[in-house]
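# Structural description and commentary
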Number of protein chains: 8
Amino acid sequence: MKREQILEILNKVSSGNLEPEDAANKIKQTAFEDLGYAKIDHHRSQRQGFPEVIYCQGKEPHQVAEIFQSLVKHNDNVLATRASDKIFNKVRHLIPQARYNDLARTIIYQKEACKTPNSKYGKVALVSAGTSDLAVAEEAFETAQVMGAPVEKFYDVGVAGIHRLLNFYDQLTEASCVIVVAGMEGALASVVGGLVDVPVIACPTSIGYGANFNGLSSMLTMLNSCASGVSVVNIDNGFGAGYQAALISKLDTR
Amino acid sequence: MKREQILEILNKVSSGNLEPEDAANKIKQTAFEDLGYAKIDHHRSQRQGFPEVIYCQGKEPHQVAEIFQSLVKHNDNVLATRASDKIFNKVRHLIPQARYNDLARTIIYQKEACKTPNSKYGKVALVSAGTSDLAVAEEAFETAQVMGAPVEKFYDVGVAGIHRLLNFYDQLTEASCVIVVAGMEGALASVVGGLVDVPVIACPTSIGYGANFNGLSSMLTMLNSCASGVSVVNIDNGFGAGYQAALISKLDTR
Amino acid sequence: MKREQILEILNKVSSGNLEPEDAANKIKQTAFEDLGYAKIDHHRSQRQGFPEVIYCQGKEPHQVAEIFQSLVKHNDNVLATRASDKIFNKVRHLIPQARYNDLARTIIYQKEACKTPNSKYGKVALVSAGTSDLAVAEEAFETAQVMGAPVEKFYDVGVAGIHRLLNFYDQLTEASCVIVVAGMEGALASVVGGLVDVPVIACPTSIGYGANFNGLSSMLTMLNSCASGVSVVNIDNGFGAGYQAALISKLDTR
Amino acid sequence: MKREQILEILNKVSSGNLEPEDAANKIKQTAFEDLGYAKIDHHRSQRQGFPEVIYCQGKEPHQVAEIFQSLVKHNDNVLATRASDKIFNKVRHLIPQARYNDLARTIIYQKEACKTPNSKYGKVALVSAGTSDLAVAEEAFETAQVMGAPVEKFYDVGVAGIHRLLNFYDQLTEASCVIVVAGMEGALASVVGGLVDVPVIACPTSIGYGANFNGLSSMLTMLNSCASGVSVVNIDNGFGAGYQAALISKLDTR
Amino acid sequence: MKREQILEILNKVSSGNLEPEDAANKIKQTAFEDLGYAKIDHHRSQRQGFPEVIYCQGKEPHQVAEIFQSLVKHNDNVLATRASDKIFNKVRHLIPQARYNDLARTIIYQKEACKTPNSKYGKVALVSAGTSDLAVAEEAFETAQVMGAPVEKFYDVGVAGIHRLLNFYDQLTEASCVIVVAGMEGALASVVGGLVDVPVIACPTSIGYGANFNGLSSMLTMLNSCASGVSVVNIDNGFGAGYQAALISKLDTR
Amino acid sequence: MKREQILEILNKVSSGNLEPEDAANKIKQTAFEDLGYAKIDHHRSQRQGFPEVIYCQGKEPHQVAEIFQSLVKHNDNVLATRASDKIFNKVRHLIPQARYNDLARTIIYQKEACKTPNSKYGKVALVSAGTSDLAVAEEAFETAQVMGAPVEKFYDVGVAGIHRLLNFYDQLTEASCVIVVAGMEGALASVVGGLVDVPVIACPTSIGYGANFNGLSSMLTMLNSCASGVSVVNIDNGFGAGYQAALISKLDTR
Amino acid sequence: MKREQILEILNKVSSGNLEPEDAANKIKQTAFEDLGYAKIDHHRSQRQGFPEVIYCQGKEPHQVAEIFQSLVKHNDNVLATRASDKIFNKVRHLIPQARYNDLARTIIYQKEACKTPNSKYGKVALVSAGTSDLAVAEEAFETAQVMGAPVEKFYDVGVAGIHRLLNFYDQLTEASCVIVVAGMEGALASVVGGLVDVPVIACPTSIGYGANFNGLSSMLTMLNSCASGVSVVNIDNGFGAGYQAALISKLDTR
Amino acid sequence: MKREQILEILNKVSSGNLEPEDAANKIKQTAFEDLGYAKIDHHRSQRQGFPEVIYCQGKEPHQVAEIFQSLVKHNDNVLATRASDKIFNKVRHLIPQARYNDLARTIIYQKEACKTPNSKYGKVALVSAGTSDLAVAEEAFETAQVMGAPVEKFYDVGVAGIHRLLNFYDQLTEASCVIVVAGMEGALASVVGGLVDVPVIACPTSIGYGANFNGLSSMLTMLNSCASGVSVVNIDNGFGAGYQAALISKLDTR
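Residues numbered from 1 in each chain as written. Chains lettered and ligands numbered in written order. Predicted model: local features only at pLDDT ≥ 70, side-chain atom pairs only at ≥ 80, totals over all residues. Heavy atoms only, no water.

Take the packing of helix α4 (residues 61-74) of chain F against helix α5 (residues 85-94) of chain F next. To characterise two packed helices, one gives the angle between the axes of the helices and the distance between these axes. Residue and element names in this part refer to chain F. It is at 8 Å that the axes of α4 and α5 come closest, and there the two elements cross at 40 degrees. Classified by the angle their axes make, α4 and α5 are oblique. In the packing of α4 onto α5, the handedness of the crossing is right-handed. Along the contact surface, α4 presents P61, H62, V64, A65, E66, F68 and Q69, while α5 presents K86, I87, K90, V91 and L94. Classifying every residue of the contact of α4 with α5 by side-chain character gives seven nonpolar, two polar and three charged. (Axes fitted to C-alpha atoms, helices over the stretch in contact; angles between N-to-C directions. Helix = DSSP H or I, 4+ residues; strand = E, 2+ residues; numbered from the N terminus. Parallel < 35°, antiparallel > 145°, perpendicular 65-115°, else oblique. Left-handed = near helix turned anticlockwise from the far one by under 90°. Contact = heavy atoms within 4.5 Å. Nonpolar A, V, L, I, M, F, W, Y, C, P; charged D, E, K, R; others polar.)

As structure tokens, then:
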């Protein structure tokens, strides 16, 4: 709660328009809805510019559906990640307009007016190393998209055939932000980081042979990037990469 | 090399103003200076908006000094990181205007005109958890600063006394980007991430007791942040955090 | 065996009421029942204030049922953890009053008189970060409860929306002990630790994306907590957290 | 800030005894002192029952001395940990009554009246495995002591000669809480945990041969304890163990 | 693109045989085919002497089949690794001549003329430690074979019965390169490395009991080999070992 | 091949009883049978006192059966470990006298005369911590047994109720060697190691909660044992523990 | 305390030769000497056949000297490990007959009669891989020696030149027990394990390049040994290897 | 010992030119010199094409000097690695022609005739990422050089400025083998691996910030390389990379 809001409440008290007891409640009161098993943070879209995102892993299908429905009531866009088919079926039952991307495993609801990316935002370039990284890349795509960022995809341009990447050099340099999704050794992030002058958000994936150790290898590669301007999100966290890229894209309203 | 540049060269060939042999050299030619032990990438400031940064670890003092001098000739700003006293003394000998921050262990050279941050850039908020994290925070500060970003510092506001952080809530929400520097368990990144609607660049430090494992603990914390909009740089990599933040700050010319 | 007990036996020997041979047996004799595959420690409730708890993983359903039955004969409360449906069915057959919590995967038997928490004990506050952590939190709940501690639940109050937690600040400060259950980056333990003046028992969970490494991340976070007064149990060990909290709760008979 | 305090302020506003503007400041105002490099949390002793503790690692001697002095002004007891000789000399200059334990590396200031442990608190038993673990044990001792808890020491009672531990069985069972400090394989925590019916706070140390991996081995041992009622603090974190034990000791005012 | 190729294009421009615009396109143009989800690198066989290899993990069967078909059109040999039965069935539908090794999980297509190893190449000796390592060894075999290298197998000659290996000493010394495939402790690589004077390519496998940690143990063993002339590929990466060995075999045209 | 055997061959050559060519073959010749996928080391029972043991993991049922049959022809005792039901069925078909322990997952063949332990060997005490460790303990039991060692079992005597172990103190001190099988924190090995004056072979198991990390915790505990006279085998390697104990038991023919 | 001893005491009580109170003390009484900072376990030589060994790391020189002196009074042999020059000087002052091995860093005291190994014990073969492993090997040597075992050394016989080891094959097969000390990849343990039919005690050392990770690599190698009859002690724990080998050697009184 | 050599000895026995006893000795006899602390493997240059290399770490200066001298007597080239100044001074005393590279920390002795690389061998390209990796690169250089391979250096061509590497594309494609030395994230190995059609030997270095974990990051990157034809040596093992490259170079006598 910001200082101005507190001051406004206090002025009402001072002017006799609000009882002290009520004012105290107001100040303490928080903006969440309590479903018992979950406390939905309706205040988040004001605080963070986007509503709470539903992380489906470990939640019951009916729980996801109820939370989803509750969020739809208060927001223009809603996103659920790591959603199974089974969960989508429950959600669709309550919110028929919800859309499922089975590769990304995301469920998205957007008011009609929100379905086109915001043309005033900077462009996000989404680069991925191999076809095996598609699921994570698509999660990043759906996330950035639902937050209003225009996204251009450059898939399967890993460093084993670096001319494929260099071919898109011009397009990459036009973006406000680049997401790099790569598994195995994750070298792509460093190479892209050395080519562009905008922030690179690197997302390691768990794709690979033995010593990849479920993404540890590509994660360490990206954290140690010798190129400047690279920051990293969690392994397989396409959502996190897309979210961060969209936040950056919004700043670039040149 | 961009398509337009290639086209321009080819047009000169076509119009007879350039020999094919010379054009081929031009296209292949790269913009680096070869000092034997190092190849200085003078092309980088065009490609990435800032000249190559000198990472001093493992380099001889005289090598750093020579590279520094070479960069000063071609650029308005020069930055060297992880620099010892001994290295600074060598550099100062060649470049008397160079400035040393002994906490951050950075050497900086800035043309007079570059010494004030660019007022059109968005503000960077630099938050650190404890006084023990100062060295890393200062490296981030110097880096963002030398790249032209205005930086506001909020030091020693760790989560063990969360009212210290909440006290600065309003100021934090005015930044274009927040850097969080924290060691021990690194929880500060998640808390800040939950409060603001701009990108948070989290920098783990190696400060802490035993199971911190030289920063591994805070690094994992930050990568697993339950708050959205947090991306992570390497342990103790204040430079990387400052660089990424400055890139974001430049985009925000609202 | 305590000194007084030995002395008592010896006095009987001295007074001719006990044969030396029988006394030696008595002293060496231990209070456990041998089922062949298991040695049930019936002495534990005297020694530790609560009977041996059955850890079901790796045990055959019929083994669990027999051990459960044996414990019911000697104790007022019996607890089995990590129990599958299949195991519960075997147990219920022998002990119809046994109760199953399928989220917590616990089986509990309580004599009628033990079903209400001991009002003289201090209150345990049970705080969990996200709905995905519910299973572990419930295991902690059932454990503390069966040991007689009054427990109040505060679920889904993770740091990404810190106002949800701060909203319950007053209630938290009234507890004798706080359990914090959190996965992902586990930052909640530090934040709670900074708010209260009673022991915090932190229980990391294995919930999370890639670099969570099955709970390693949250475990390290909690062990490195910058807040004082936090100690940690094993990953997903809701039982351990509940047990420790109940022991503390019993001390607080103010 | 608690609800009652907010209500009190609001009542003053309502009754005209306080200007809204001043009230807003009061509500937002936080209780810390800003030394530039540090924000001293003077509010902590109210919130947590003990003032902020100074962790000296990574701080300049003069910084520690200034923070120490500032804390002495507001509190009855002050504690600094991981303090070198050099730091103590700076502190002693400003606060001549400060006392140094060079084994524990702690600096302690206590008002005369605070020098005897609070006889109403429960007793803390402090058990350590080997003479090599003394430094960590002493840090735990000083910490619990300065917080007012009566502490009894049982040093060098490792499991390789288990009769040494069993010899003190009666004394151990009289404590409200047991701290176990052990390096190498840390098995002592499990053995003690199986003997007593009060909370055991286990503190792994980094003492040991190769595969101890700087305390990792004993830390994992303690987290995996097959005995119930054991929770764990960070490696070599004698402070953390002493603090947690003192909090528990305070609850036990039987 | 090599300098000569650029020069040739420029000469055409200079002589008026090519428009500058077309030349620029040619220079930028890269040799890959875009299937949407994949960019097939047809240039690779020129650049690396063997076409792109299809790594099937994480790809849909129909995707593999289409990529396979596209590669068959442009190349004499095609290899897919980590292929399931299901994938092979899809591929066989499009390319009936494709052959499946279900132990190695490879799919291979070879033009008739390529089916015999190149007799001018040096021989590859393929040594494996135990029968449990066969799958990885066979992947190495198929890979080296399809690249034209003659391969001789020495299976089940682990160091627990070292006379089995020593028995083949003469044959081993005749090879140009030795592949060693071993799980558990991987000691075989060091022993072989100490016996021969040609490069040893060591491939750790994930076969083994607990502390093998999915191949970590044998991988570390091989990287630390006290014998010189041993280099290592990823865990279970029979393909990588076979590929590297074939490259070496090609050099040895004595 | 020992020096005497070489000398014997050479004497035959010298006396004209053996052709040089045949002698060379004899010297180089090794005692193994080549099944193609496996080289059975029939020489092992001479060299190591027990025939090659079949590790079934990763082998086809028919392969195990053939190797088993081949070993039965040359030896009095045969052991296969990690054998599934399916594998046993194949083996039983060829060797009807084979016996299966489904808890230990071992298949054993013993000539009638070998079925009783060798009474001249020292006794092996087999101690296990919990009922969940039974499978590993049974593998150790079967292995030591088939090698002729008399084994006495002490199951479920973990340190959480240390009186259960102390109760068997006298019996333990009579053994020539003690095997300790324990998961979770594995503290039992240190406690036993501190009680007896014979070699303790410690076998960690993968039983436990999260930070057990599949046996890493108990393995490290045992390697770091503060008690002397403890050596360790691989995680879950009951076979290795039983084998080592039997070797020691054979030495003790007092 | 064994059953017979208890019975004896009780008989004295029964016959009136001992007061019950005194008997209780006797039973509870333990055999250690309390130096304040240390509790010397004088009972150990009865219980374990060798007195408590002094591990010097982390102890003050004067503490070591006092403990050493106390042990000399009660025992024929005394051993201190990890002793610096400085510590030895303190010890020598009190016990002039003490002997220092500066490579092994051991201090040894032996009564004249104990200086020759016990000829009735089996021989220990001590094998080490490289000259860099000498310090650890010597610690093993001194330990086994002081416990009375005859030891034969085979140094610098690593697997990179396996003929050096095979050359000593006959001698190795005559030992009762083999110690293998090896760093780097530690393959020597498996090779020796495959050659002999007696227990192999493997001791990994921290000698090696990068991915040796301070002995982790050789430790894992040894734990995963494909040869049977190998058990492992801690990294650089020459003492542990020598102790275990001596215990085995004592059993072999053939 | 090869079959022909055994046959030759036997023929001499058969023809009466050699006594059986002497022949047995000859067969058993091994080619090493015993210095007590070391067994010098003079047979190695025959067996492996290059004499035993002296790894100086952990050896006394005088030991290195003696081994060096012994090797010089039997060989044309001698190499010592990880040698300090102090060691070199000892060696120089005995072998004045020895040469020291203080960056590489190597000591080399070459007969005059061996000082020029063998022009018939293929060329080794030695690529390094940054100036901080020079020490490791130089160790690789000296090693390959002393083994007779011609080496061309390409230093400081890391992927952050990829045009520096691409500039040397033509030269790289002319080599028989490429060594890639890189720290930080080690991405250079993958990029080079994607450009050339010869074996790439990748050598990770320990250069870098925090999450490099002393080279673990670059090592994992290289092991997971998405480019084919890359095999890896130990961290900082310039020697191993140079040795393997020289072996490959020797095969390529086109």
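There's more to say after this.
Note: a rotation about an axis with an accompanying shift along it relates these two copies of the chain. The two copies are related by a screw motion: chain B maps onto chain A through a turn of 180 degrees and a shift of 0.0 Å along the axis, at an RMSD of 0.2 Å. Such a turn and shift between the copies fits a two-fold axis. (Least-squares fit on C-alpha atoms with pLDDT ≥ 70 in both.)

This next bit is on the packing of helix α6 (residues 134-146) of chain H against helix α11 (residues 238-251) of chain H. All names here are of chain H. Where α6 contacts α11, the axes come no closer than 7 Å and their chain directions differ by 35 degrees. Crossing handedness for the pair α6 and α11: right-handed. Of the residues in α11, those in contact with V136, E139, A140, T143 and A144 of α6 are G238, F239, G242, Y243 and A246. Within the contact of α6 with α11, the residues separate by chemical class into six nonpolar, three polar and one charged.

Here the focus is the interface of chain B and chain A. Between chain B and chain A, the residue contacts involve 40 residues of the former and 40 residues of the latter. Across the interface of chain B and chain A, roughly 3200 Å² is buried in total on both sides, 54% from carbon and sulfur atoms. Our count for the chain B to chain A interface comes out at zero salt bridges. Put simply, chain B and chain A have nine residue pairs in polar contact (both at pLDDT 80 or more) between them. Secondary-structure elements contributing two or more residues to the side of chain B that touches chain A are α1 (3-14), α3 (44-48), α8 (169-173), α9 (188-195), β10 (200-204), α10 (216-223), β11 (230-232) and α11 (238-251) of chain B. At six residues, α11(B) tops the list of elements feeding residues into the side of chain B that touches chain A. Of the residues that constitute the side of chain B that touches chain A, the class distribution is 19 nonpolar, 13 polar and eight charged. (Buried area = accessible area lost by both parts, 1.4 Å probe. Salt bridge = Lys/Arg side-chain N within 4 Å of Asp/Glu carboxyl O. Polar contact = N/O pair within 3.5 Å; in protein donor to acceptor, adjacent residues only side chain to side chain.)

Moving on, we get to the pattern of salt bridges. Enumeration over the complete set of coordinates arrives at 64 salt bridges over all chains. Three or more residues joined by partner-sharing salt bridges are found here, namely A:K123, A:E152 and A:E174.

Looking now at helix α10 (residues 216-223) of chain D. Among the eight residues of α10(D), seven are classified as buried, and the element is accordingly described as predominantly covered. Restricting attention to buried positions, one finds in α10(D) the residues D:S217, D:S218, D:M219, D:L220, D:T221, D:M222 and D:L223. (Buried < 20%, exposed > 50% of the residue type's maximum accessible area, 1.4 Å probe, protein only.)

On to the sheet that holds strand β6 (residues 106-110) of chain H, then. Residues and elements named next belong to chain H. Taken in spatial order, the four strands of this open sheet run β3-β4-β6-β5, and their pairing is mixed. Where the open sheet ends on each side, the last strands, each with one partner, are β3 (54-55) and β5 (99-101). Both strand β4 (residues 77-81) and β6 contribute to a ladder of four bridges, which runs antiparallel. Each bridged residue has a counterpart across the sheet, and for V78 the counterpart in β6 is Y109. Across the sheet, α6 lies against β4, β5 and β6, angled at about 15 degrees from β6, the strand it touches most. (Pairing = 2+ DSSP bridges.)

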